[in-house]
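# Tertiary structure, described
Chain by chain, the residues run as shown.
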Amino acid sequence: MAAARGLTLAAAGLRAVTPWARGRLPAASARPLARWETSSSPEVGEGQIHLTESCVQRLLEITEGSEFLRLEVEGGGCSGFQYKFSLDTVINPDDRVFEQGGARVVVDSDSLAFVKGAQVDFSQELIRSSFQVLKNPQAQQGCSCGSSFSVKL
């Protein structure tokens, strides 16, 4: 399913940490978010991000020290929104931290509204290795290439 594939990022390009601008997406969360929350439960709860075993294993292999995987949602793509992955070391006041098995994924509060309940996976194929968002309950549909999605209204 195209919506489940999400935007993929080549693992080889993950070493670069790219700064990004804040405030690209409207705030859509009704409750205040804690700066540091962890999720170690295998169930995907409301407002939680679940990490697959392959995601946890790959993050433990590629992160050093205080590095973590940052997941953002940006406007763009043919369906309206797209996923962006990067390695980062700075946790901002509006970030939610999801930790599982020692691996961390951080999502800012604006992006969390678009991915809450989703699953982050690491996939290895012959032509690429990448992190991707799977089973995003906030996504209505995606484009055929899997690089963007539209949200449920």
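Before going into details, it helps to say that this report is about the structure given with it. (Residues numbered from 1 in each chain as written. Predicted model: local features only at pLDDT ≥ 70, side-chain atom pairs only at ≥ 80, totals over all residues. Heavy atoms only, no water.)

### Some words on the environment of Glu 99
For Glu 99, the position within the fold is in strand E5 (residues 95-100). With a relative accessible area of 27%, Glu 99 lands in the partly exposed category. On a C-alpha basis, the gap between Glu 99 and Leu 51 in space is 8.3 Å, while along the polypeptide they are 48 residues apart. (Helix = DSSP H or I, 4+ residues; strand = E, 2+ residues; numbered from the N terminus. Buried < 20%, exposed > 50% of the residue type's maximum accessible area, 1.4 Å probe, protein only.)

### Details of the side chain of Gln 119
Within the fold, Gln 119 resides in strand E7 (residues 119-124). Each residue touching Gln 119, except ones within four places of it in the same chain, is listed here: His 50, Thr 52, Gln 132, Val 133, Leu 134 and Lys 135. (Contact = heavy atoms within 4.5 Å.)

### Topic: helix H2 (residues 53-62)
Among the residues making up H2, those that are buried are Cys 55, Val 56, Leu 59 and Ile 62. Axial view of H2: buried residues confined to an arc of 145°, hence all on one face. Exposed side chains of H2 directed beyond 90 degrees from the buried face belong to Glu 53 and Gln 57. (Arc of directions from axis to C-beta.)

### As for the pattern of salt bridges
Counted by the stated rule, this structure contains 6 salt bridges. Through salt bridges with shared partners, a single network forms among Arg 70, Asp 88 and Asp 95. (Salt bridge = Lys/Arg side-chain N within 4 Å of Asp/Glu carboxyl O.)

### Thoughts on the environment of Arg 96
Within the element layout of this structure, Arg 96 appears in strand E5. Each C-alpha atom of the pair Arg 96 and Ile 49 lies 9.6 Å from the other, and the pair is 47 residues apart in sequence.

### Overview of the pairing of strand E8 (residues 129-134)
The buried fraction of E8 amounts to 5 of the 6 residues, a majority that puts the element mostly inside the structure. Pairing geometry for E7 and E8, over 6 bridges, is antiparallel. Counted as the bridge partner of Val 120 is Val 133 from E8. Where E7 hands over to E8, the hairpin turn is made up of 4 residues, counted between the paired strands. (Pairing = 2+ DSSP bridges.)

### Details of unusual backbone geometry
Of note, the phi angle at Lys 135 is positive, near 50°, even though the residue is not glycine. Counting through the fold element by element, Lys 135 comes out in the loop between E8 and strand E9 (139-142). A residue is classified by how much of its surface remains accessible, and Lys 135, at 61% relative accessible area, is exposed.

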